[in-house]
Amino acid sequence: MYPRPFEYARPESVAEALEALAGDGASEARPLAGGQSLVPMMSLGLAAPDLLVDLARLPLAGSEGNGGGTVRLGALTRHRELERSAELAARVPLASEAARFIGNPRVRNRGTLGGSLSHADPASELGTVALAYGGRAVITGQGGERSVDFDEFFHGFFETAVESGELLTAVELDVPGAGSGHGFHEVAGRADDFAIAAAAAVVTLDEAGAACADARLALAGIADRPLRIGAGEDVCRGAAIDEPLLDRVAAAVTEAVTPEDDAFVSAEYRARAAGTCAARALAAAWERAREGAR
Amino acid sequence: MRISFTLNGAPQSLECPAHWTLLRMLRDVAGRTDAKHGCGEGVCGACAVLVDGVAMNSCSVLAPQVEGTGVETVAGLASGGELHPLQAEMVERGGVQCGFCTPGMVLSALEAVRVGAAGSDAEIRHSLAGNLCRCTGYGKIVAAVAAYRDGDPDGAAIASDPPGEHRAKGGEGAAPAPGVGIGP
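Every value quoted in this text rests on a predicted model; they were computed, and no experiment measured them.

A. Here's a closer look at the overall build of chain B. For chain B, the helix and strand inventory stands at 7 helices and 5 strands. Listed by position from the N terminus, the elements making up chain B come as β-β-α-β-β-β-α-α-α-α-α-α. For chain B, the proportion of its 184 residues judged to be buried stands at 54%. A separation threshold of at least 6 residues defines the contact pool for chain B, and within that pool the share at least 24 residues apart is 58%.

Structure (structure tokens):
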């Protein structure tokens, strides 16, 4: 199948793009970033916008910030850059690790950070990254710029805080510094398939470096959106993360999530996969934090 | 709409509806049927082409998005009647059976070697994820890519070069057009 006919615009600036997206109110206008979800969905007849506003010429690809603290990434940063750039791997290592699991290399060559987050697939790897680091989506509309905390960003299946006529223009991630570590784990049916479950974790050690002062844990594939799972985080806080504790994390996460059966796996399998992913992501985050502390 | 780009090194200015995919434009307007229509949703890799040296699923790129770029299909690889060394390795090592996945497979593998993402068998498999082959079982394809990576006298140089410099190495000194390195 092929996409249905649509009008095509290729603005040169954010202001022009917003003007095009505002449209006439009657027709559906959609921004086009990498197109790696939108174009297949159009080919499958699942999306049929009247107007596509191609963002390719907008200057939204750079990044700012270094080491610990907030890193600001342009919305058009490609998955390929997250995966392969040594600079980004140093700044946002969790995003870099998770990017390897997105789609396949051709998809990563073209897909973008802002496009993926705006698309808000419930199995989105980068959704878990945004939640596990914490930070803000910078959303630009004709009235100016606003920031939305990622804990408030995902609203449901393919729905976010980005309103019609607005654009996600940048992503701010609060990356912890020394004494912290990250981990990511995914279970999928094939190497390049959607996640059955995926987990991203960030662990920050206490001052003695002996216990977990804070843990952030986010999962994908288990609900209508990527979600933080507080029950898994709570088990870790104040404790040293060892095997018995990880068993408790897995049990707590499996208990906390409420996935549904689908054509591929049962809800029970998905919940158990979620628990396993959470435990392995936290184990990796703990190991990295401890290595950094030594 | 009018879409201008280079195809295997040759300038094109094609009239194509804006809602057509790059794959459809290549096949139905430009007559380049070596880009294969498999799944049509970015999963199988049969339609992979290089756009400015970067591998993409042409079913998931819209025709207007290649305005001003250099597009390469597998038909652009052979030179002077001789297969590209990676194609030759694929034939030699049995990496080709029915051949339907081969154009996308070869272009994805070529990009992987160029960007240094084919250093080990595991890396080759990671780079070829999403290029589905139902015949070979992949082992012979991975072996062919590894042989190309190791055996091509220019292999090391290709891996570290930006896209577009490959053919210039053994050529007549004429610089290729930007982003179009492996066309004739």
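After that view of the structure, there is still more to cover.
B. Structural detail: the packing of helix α3 (residues 102-114) of chain B against helix α5 (residues 139-151) of chain B. Residues and elements named next belong to chain B. At a minimum axis distance of 11 Å, the contact between α3 and α5 shows a crossing angle of 40°. Here α3 is positioned oblique relative to α5, judged by the angle of their axes. For the pair α3 and α5, the sense of crossing is right-handed. Contacts between α3 and α5 involve Met-105, Ala-109 and Val-113 on the former and, on the latter, Ile-141, Val-145, Tyr-148 and Arg-149.

C. Expanded view of helix α1 (residues 22-29) of chain B. Residues and elements named next belong to chain B. Counting buried positions along α1 yields 6 of 8 residues, so the element is predominantly enclosed. On its buried side, α1 packs onto β2 (10-15). Directly beyond the C-terminal end of α1, a positive phi value near 75° is found at Gly-31.

D. Structural view of the sheet that holds strand β1 (residues 7-9) of chain A. All names here are of chain A. Within the open sheet, the 3 strands sit side by side as β1-β3-β2. Their pairing is parallel. The two strands at the open ends of the sheet, each matched to only one other strand, are β1 and β2 (29-32). Here the strands of the sheet are splayed against their neighbours by 25° on average, with no regard to which way each runs. Alignment of β2 against strand β3 (residues 51-54), held across 4 bridges, turns out to be parallel. From the neighbouring strand, Arg-30 faces β3, where its bridge partner is Leu-52.

E. Representation of the pairing of strand β11 (residues 180-188) of chain A. All names here are of chain A. Burial runs high along β11: 8 of the 9 residues are buried. Relative to strand β12 (residues 195-205), β11 is paired through 9 bridges, and the arrangement is antiparallel. From the neighbouring strand, His-185 faces β12, where its bridge partner is Ala-199. With antiparallel pairing between neighbouring strands as the criterion, β11 and β12 make up a hairpin whose turn holds 6 residues.

F. Spatial organisation of the packing of helix α2 (residues 85-92) of chain B against α5 of chain B. Residue and element names in this part refer to chain B. Between α2 and α5, the least distance of the axes is 8 Å, while the angle of their chain directions is 140°. Considered as vectors, α2 and α5 are oriented oblique to each other. Where α2 crosses over α5, the handedness of that crossing is right-handed. For the pair α2 and α5, the contacting residues are Pro-85, Leu-86, Glu-89 and Met-90 in the first and Ala-144, Ala-147 and Tyr-148 in the second. Residue composition of the contact of α2 with α5, by class: 6 nonpolar, no polar and 1 charged.

G. Here's a closer look at the interface of chain B and chain A. At the junction of the two partners, chain B supplies 24 residues and chain A supplies 25 residues. For the side of chain B that touches chain A, the element with the most residues is strand β4 (residues 54-57) of chain B, which contributes 4 residues. Partitioning the side of chain B that touches chain A into residue classes produces 11 nonpolar, 11 polar and 2 charged.

H. Expanded view of the nonpolar core. All names here are of chain A. Of all hydrophobic cores here, the largest spans 145 residues; its most connected members are Ala-197, Ala-199, Ala-201, Leu-219, Ala-278 and Leu-282. Among the elements that line this core, the one with the most residues is helix α11 (residues 267-293), at 12 residues. In this structure, Ala-199 is in contact with Thr-128, Phe-184, His-185, Leu-217, Leu-219, Cys-277, Ala-278 and Ala-281, ignoring residues within four places of it in sequence.

I. Broad picture of the environment of Gln-142 of chain A. Residue and element names in this part refer to chain A. By the secondary structure assignment, Gln-142 is in the loop between β6 (135-141) and β7 (144-149). The exposed category is assigned to Gln-142, around which 11 C-beta atoms lie within 10 Å. Residues Gln-142 and Glu-16 lie 126 residues apart in sequence; the distance between their C-alpha atoms is 9.9 Å. With residues up to four places along the chain from it excluded, the contact list for Gln-142 reads Leu-18, Ala-22 and Gly-165.

J. Quick peek at α2 of chain B. Residues and elements named next belong to chain B. For α2, the set of buried residues is Leu-86, Gln-87, Glu-89 and Met-90. Projection of α2 onto a plane perpendicular to its axis shows the buried side chains occupying an angular sector of 160°, all on one side. Elements that come into contact with the buried residues of α2 comprise α3 and α5. Directly beyond the C-terminal end of α2, a positive phi value near 75° is found at Gly-94.

K. Up close: the confidence of the model for chain B. All names here are of chain B. Averaged over every residue, the pLDDT of chain B is 86; residues scoring 70 or more account for 82%. Counting interchain partners and residues more than four positions distant, the pLDDT-below-50 stretch residues 153-184 has 61 contacts. Both confidence scores are given for the complex: pTM 0.90, ipTM 0.91.

L. Fine view of the sheet that holds β2 of chain B. Residues and elements named next belong to chain B. Here 5 strands make up an open sheet; going across it, the order is β2-β1-β5-β3-β4 and the pairing mixed. Taken across any chain shown, the strands that pair with only one partner, and hence form the sheet edges, are β2 and β4. Pairwise comparison of adjacent strand axes, ignoring direction, gives a mean angle of 40° for this sheet. Of the strand pairs in this sheet, strand β1 (residues 2-7) and strand β5 (residues 70-72) are connected by 2 bridges, and their pairing is parallel.

M. Inspection of the pairing of strand β13 (residues 212-220) of chain A at higher detail. Residues and elements named next belong to chain A. Summarising burial for β13: 7 of the 9 residues are buried, a large majority. With 8 bridges joining them, β12 and β13 adopt antiparallel strand pairing. Bridging across to β13, Ala-200 finds its partner in Ala-218. Joining the antiparallel neighbours β12 and β13 is a turn of 6 residues, in which Gly-209 adopts a positive phi near 75°. Across 2 bridges, the pairing between β13 and strand β14 (residues 227-228) is antiparallel. Bridging across to β14, Ala-218 finds its partner in Arg-228. Hairpin geometry of β13 and β14 is characterised by an intervening segment of 6 residues between the two adjacent antiparallel strands and by a positive phi of about 90° at Gly-221.

Cut-offs applied
- Residues numbered from 1 in each chain as written.
- Chains lettered and ligands numbered in written order.
- Predicted model: local features only at pLDDT ≥ 70, side-chain atom pairs only at ≥ 80, totals over all residues.
- Helix = DSSP H or I, 4+ residues; strand = E, 2+ residues; numbered from the N terminus.
- Buried ≥ 20, exposed ≤ 12 C-beta atoms within 10 Å, placed from the backbone.
- Contact = placed C-beta atoms within 7 Å.
- Axes fitted to C-alpha atoms, helices over the stretch in contact; angles between N-to-C directions.
- Parallel < 35°, antiparallel > 145°, perpendicular 65-115°, else oblique.
- Left-handed = near helix turned anticlockwise from the far one by under 90°.
- Pairing = 2+ DSSP bridges.
- Nonpolar A, V, L, I, M, F, W, Y, C, P; charged D, E, K, R; others polar.
- Core = buried A, V, L, I, M, F, W, Y, C linked by C-beta atoms within 7 Å.
- Arc of directions from axis to C-beta.
- pLDDT = per-residue confidence, 0-100.

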